[in-house]
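What the coordinates show
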Amino acid sequence: MDGDLEDTICGIATPAGEGGIGIVRISGPRAVTIAEKLVRLHSHQSLERVPSHSLHVADILSLGGTSERTGSVQGEPPSSDQVIDEGLVVYMKGPRSYTAEDVVEIHCHGSAVVLGRVCAACVSAGARLAQPGEFTKRAFLNGRLDLSQAEAVLDTIKAKSEAGLKMAQRHLRGELGQLVDRLRARLLGTLAQIEAGIDFVEEDIAFIGREEVITSLEETLERIQEMLATAETGRVLREGARVVIVGRPNVGKSSLLNRLLREDRAIVTNIPGTTRDVIEESVIWDGLAITLVDTAGLRETGDPIEQEGIKRTRSAQESADMVLHVLDAAGLNENDLRELVFPSDRRQDMVVINKSDLVDVESLKRLAGRVADQMNCRVHTISVRTGAGLEDLKESVRSRLSQTSLESSDGVVVTNVRHRLALERARLSVAEALNSARTGMGAECVSVDLRGACDALGEITGAITSDEILDRIFSEFCIGK
C-alpha cells in the first residue's frame with residue numbers, strides 16, 4: 001500500500017447503505033485547513049480555534065462560494081445550492097486521535113449521495129481518498145497501535161460472537177502485544193549477554209553461564225508453547241465453529257437441526273433420503289458462534305443425486321470442527337457401529353443416540369455404555385421429539401469447542417493465523433537454540449537461532465515487518481477504517 005504520511009486523506013467511515021448518520025473522516029497535516037473549506041460552524045468560530053474533541057453544528061458546503069480562509073467564519077449565509085447538508089463537526093487534535101494525527105470528522109445524514117458529495121468536496125479541497133485500512137495503518141505507523149492491535153481492530157469489526165468480541169477487545173487493549181514484547185525482551189537480553197561473551201572472549205569477564213542460558217530458554221519455550229496451545233480455541237472464537245450432523249437416513253438428523261435452531265429449517269419426512277444437499281445455519285450459544293450443518297443420510301444408493309449428496313456429506317465431515325454421529329436408539333445394530341469412523345486429528349466427535357423415548361431406560365443405558373466402550377467417545381442420549389437431553393448436548397458441544405484453558409497464557413488467546421505461524425517459527429528457533437546450548441555447541445549457533453526467534457516474535461507486533469506484510473494486513477480493511 002503506497003501512501004505518504006504527508007498526504008491528508010479522507011474516507012467514509014460508516015458502512016455502505018442508508019442510515020441516520022454517516023461520517024466522513026479526514027486525517028493528516030492539512031485536515032483542519034481542508035475541513036474549513038467545507039464547513040461553516042453555526043457559532044461562526046474558526047474550526048482551528050474551537051476546543052479539540054468537541055462537537056459543533058455546521059453547514060457542510062460544496063466548494064462553490066467559500067474561500068479557503070473565511071468560508072467557515074465570514075461572508076454571506078450560504079445559498080441552498082451550496083449546502084450539501086447540515087450536521088456536526090468534531091476536530092481531534094493529534095496525537096489524541098485514532099491516527100495520532102490531526103483528524104476532523106464530519107457527521108451528516110447517512111445518504112450515499114450526501115456522503116459521496118462530502119468526500120468529493122474533500123478531494124477538491126486538497127485531500128485524497130484513503131486506501132483500504134489506511135487510517136488504521138497510520139495509527140500503526142505513528143506508534144498509537146502495534147500491529148497486533150491494528151489487526152484486532154478488524155477482528156472487533158468482524159466479531160461473530162460475544163466470545164470473539166471479548167478476545168478481540170483484549171488484543172486491542174494490547175494484552176497480546178505486551179506478552180509477546182515480554183518474551184522478546186527476555187530473548188534479546190539473553191542474546192545480548194551471549195554476543196557480549198563472543199565479542200569479548202579474550203577478556204576475563206563472565207557474562208552468562210550455559211546453565212543460565214538453558215534455564216532461560218526452557219522457560220521461554222514453555223511460554224510460547226502455552227500460547228500456541230490456545231490457537232485452536234482462538235480460531236473457533238474468531239471464526240466460529242462448524243458442527244456437522246451425520247448418520248444413516250431417518251435417524252433424525254434434520255429434526256435435530258430444526259430443534260437446535262428452534263425453527264423448521266430442514267424438510268422432515270418419513271421417506272429415506274429426503275435431505276440430498278448440505279444445509280447450513282448459524283446460531284450463537286452462550287457467546288460462541290456455531291454453524292450447524294445437516295447432511296444427506298449415509299447409505300448405499302444408486303440414485304446419482306443422492307450419491308452426490310453423500311459425497312458432500314463426506315466433504316463436510318472432513319472440514320468440520322466437530323461431527324455429531326446420530327444413531328437410532330430403536331434400530332441400532334452392529335453395522336451402525338462399524339460405520340462410525342473417528343479421525344485421529346484435533347477434532348473430538350460425539351455420538352448422539354436419538355429416539356430415546358422409544359427405548360426403556362435400562363436398555364438405553366446398556367446401549368449407550370456399549371457405544372461408549374466400543375468407540376471410546378462421549379455419548380449423548382436424546383429425544384428430538386420430546387426434547388430430552390438436548391440442553392445437555394448443546395452445553396457439551398459448546399464446552400468441547402472452547403475447552404482450552406485461557407489461564408495457561410495469562411488469558412491471552414492466539415486467534416490470528418499470522419500470529420500462530422510466527423509463534424511456530426519462534427518456537428522452532430528457541431528449540432534449536434536450546435538444543436545447541438544443551439549439546440555444548442558454540443555460542444554463535446545459539447546466537448543465530450535466538451536472533452531468528454526474536455525476529456519471528458517481532459513480526460507479531462510490527463517491531464520487525466515488511467511492506468508486503470503491511471499491505472496484506474491492511475488491504476482486508478474497508479476504506480473508512
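Residues numbered from 1 in each chain as written. Predicted model: local features only at pLDDT ≥ 70, side-chain atom pairs only at ≥ 80, totals over all residues. Heavy atoms only, no water.

Per the secondary structure count, the chain includes 16 helices and 13 strands. Going through the 481 residues of the chain one by one, you find that 49% of them count as buried. In the chain, the proportion of contacts linking residues at least 24 apart, taken out of those at least 6 apart, comes to 71%. Of the roughly 23,000 Å² of accessible surface on the chain, 49% is carried by carbon and sulfur atoms. (Helix = DSSP H or I, 4+ residues; strand = E, 2+ residues; numbered from the N terminus. Buried < 20%, exposed > 50% of the residue type's maximum accessible area, 1.4 Å probe, protein only. Contact = heavy atoms within 4.5 Å. Areas by Shrake-Rupley, 256 points an atom, 1.4 Å probe, with all protein chains shown as cover.)

We now examine the pattern of salt bridges. Inspection of the entire model under this criterion finds 24 salt bridges. Linking Asp-357 and Arg-385 is a salt bridge whose minimum nitrogen-to-oxygen distance equals 2.9 Å. Of this pair, Asp-357 sits in the loop between strand 12 (350-354) and helix 12 (361-375) while Arg-385 sits in the loop between strand 13 (378-381) and helix 13 (390-401), and the two are 28 residues apart along the sequence. Note on Asp-357: relative accessible area 31%, which makes it partly exposed. Among the ionic contacts, a cluster of salt bridges with common partners joins Asp-7, Glu-101, Arg-128, Glu-134 and Arg-138. (Salt bridge = Lys/Arg side-chain N within 4 Å of Asp/Glu carboxyl O.)

Once that is clear, we can look at the packing of helix 4 (residues 147-157) against helix 5 (residues 162-172). At a minimum axis distance of 8 Å, the contact between helix 4 and helix 5 shows a crossing angle of 155 degrees. For the element pair helix 4 / helix 5, the angle class is roughly antiparallel. Considering how the two elements wind past one another, helix 4 and helix 5 form a crossing that is left-handed. Residues Gln-149, Ala-152, Val-153, Asp-155 and Thr-156 of helix 4 touch helix 5, and the partners they reach there are Leu-165, Ala-168, Gln-169, His-171 and Leu-172. (Axes fitted to C-alpha atoms, helices over the stretch in contact; angles between N-to-C directions. Parallel < 35°, antiparallel > 145°, perpendicular 65-115°, else oblique. Left-handed = near helix turned anticlockwise from the far one by under 90°.)

Here helix 15 (residues 443-461) spans 28 Å end to end across 19 residues, near enough to the 27 Å set by a 1.5 Å rise per residue. Within helix 15 the residues assigned to the buried category are Val-446, Ser-447, Asp-449, Leu-450, Ala-453, Cys-454, Ala-456, Leu-457, Gly-458, Ile-460 and Thr-461. Just beyond helix 15, the residue with positive phi is Gly-462, at close to 95 degrees. (Expected span 1.5 Å × (residues − 1).)

Here the focus is the environment of Thr-230. By the secondary structure assignment, Thr-230 is in the loop between helix 7 (210-228) and helix 8 (231-239). Taking the C-alpha atoms as reference points, Thr-230 and Thr-415, separated by 185 residues in sequence, lie 8.1 Å from one another.

So, about the nonpolar core. Ranked by size, the top nonpolar core spans 31 residues in total, and within it Leu-187, Leu-217, Met-227, Leu-423, Leu-450 and Leu-457 carry the most contacts. Among the secondary structure elements, those contributing two or more residues to this core are helix 6 (175-199), helix 7, helix 14 (417-438) and helix 15. In this structure Leu-423 touches Ile-224, Met-227, Leu-228, Val-414, Leu-457 and Ile-460, once residues within four positions along its chain are discounted. Core analysis: the second largest hydrophobic core is formed by 30 residues, Leu-261, Trp-285, Leu-324 and Ile-382 among them. (Core = buried A, V, L, I, M, F, W, Y, C linked by side-chain atoms within 4.5 Å.)

The next point concerns the confidence of the model for the chain. In the predicted model, the chain carries a mean pLDDT of 82, and the fraction of residues at 70 or more is 82%. In the predicted structure, residues 65-74 sits below a pLDDT of 50 and forms 20 contacts with residues beyond four places in sequence or in another chain. Here residues 404-409 is modelled with pLDDT under 50, and outside its nearest four sequence neighbours on either side it reaches 15 contacts, counting other chains as well. (pLDDT = per-residue confidence, 0-100.)

This next bit is on the sheet that holds strand 7 (residues 128-129). A sheet is described by the order of its strands in space; here 7 strands give the open sequence 3-4-5-6-2-1-7, paired in mixed fashion. The open sheet terminates on both sides in strands that have one partner only, identified here as strand 3 (39-41) and strand 7. By the bridge criterion, 5 bridges tie strand 5 (residues 83-92) to strand 6 (residues 103-110) in an arrangement that is antiparallel. For Leu-88, the partnering residue across the bridge sits in strand 6 and is His-107. Across the sheet, helix 2 (residues 112-124) lies against strand 1 (9-12), strand 2 (19-27), strand 4 (55-61), strand 5, strand 6 and strand 7, angled at about 150 degrees from strand 6, the strand it touches most. The strands touched by helix 3 (residues 134-141) are strand 1, strand 2 and strand 7; relative to strand 1, the strand with the most contacts, the crossing angle is about 135 degrees. (Pairing = 2+ DSSP bridges.)

The next subject is the sheet that holds strand 10 (residues 288-294). Strand order in the open sheet made by the 6 strands is 9-10-8-11-12-13, with mixed pairing throughout. The sheet is open, and its two edges are formed by strand 9 (279-285) and strand 13, each paired on a single side. Put simply, the sheet's adjacent strands are angled 25 degrees from each other on average, direction ignored. Bridge count between strand 8 (residues 241-247) and strand 11 (residues 322-328): 5 bridges; the pairing is parallel. Residue Ile-245 lies in a different strand from strand 11, and its bridge partner there is Leu-324.

Here we come to helix 16 (residues 467-474). Within helix 16 the residues assigned to the buried category are Ile-469, Leu-470, Ile-473 and Phe-474. Projection of helix 16 onto a plane perpendicular to its axis shows the buried side chains occupying an angular sector of 115 degrees, all on one side. Facing away from the buried side of helix 16 by more than 90 degrees, the exposed set consists of Asp-467 and Glu-468. On its buried side, helix 16 packs onto helix 3, helix 4 and helix 14. (Arc of directions from axis to C-beta.)

In this section: the environment of Val-417. In this fold, Val-417 is placed in helix 14. Considering only alpha carbons, one finds Val-417 and Arg-235, 182 residues apart in sequence, at a separation of 8.0 Å.

Turning our attention to the packing of aromatic side chains. Here the structure, examined in full by the defined rule, presents 2 aromatic pairs. Both rings, one in Phe-140 and one in Phe-474, keep their centres 6.5 Å apart while their planes meet at 35 degrees; by these two values the pair is tilted. One end of the pair, Phe-140, is in helix 3; the other, Phe-474, is in helix 16, and 334 residues separate them in sequence. The interplanar angle of 35 degrees and the centroid separation of 5.6 Å between the aromatic rings of Phe-474 and Phe-477 together place this pair among those described as tilted. In this pair, the class of Phe-474 matches that of Phe-477, namely buried. (Phe/Tyr/Trp six-rings, centres within 6.5 Å; stacked < 30°, edge-to-face > 60°.)

This part covers the side chain of Glu-151. When you line up the elements, Glu-151 lands in helix 4. Engagement of the side chain of Glu-151 in a polar contact is seen with the side chain of Asn-416, the distance being 3.5 Å. Those residues in contact with Glu-151, other than ones at most four positions away along the chain, are Asn-416, Arg-418, His-419, Ile-460 and Ile-473. (Polar contact = N/O pair within 3.5 Å; in protein donor to acceptor, adjacent residues only side chain to side chain.)

Looking now at unusual backbone geometry. Omega for the bond connecting Gly-94 with Pro-95 falls within 30 degrees of zero, at 5 degrees, which places this linkage in the cis form. On the secondary structure map, Pro-95 appears in the loop between strand 5 and strand 6. Unusually for a residue other than glycine, His-44 sits at a positive phi of about 65 degrees. On the secondary structure map, His-44 appears in the loop between strand 3 and strand 4.

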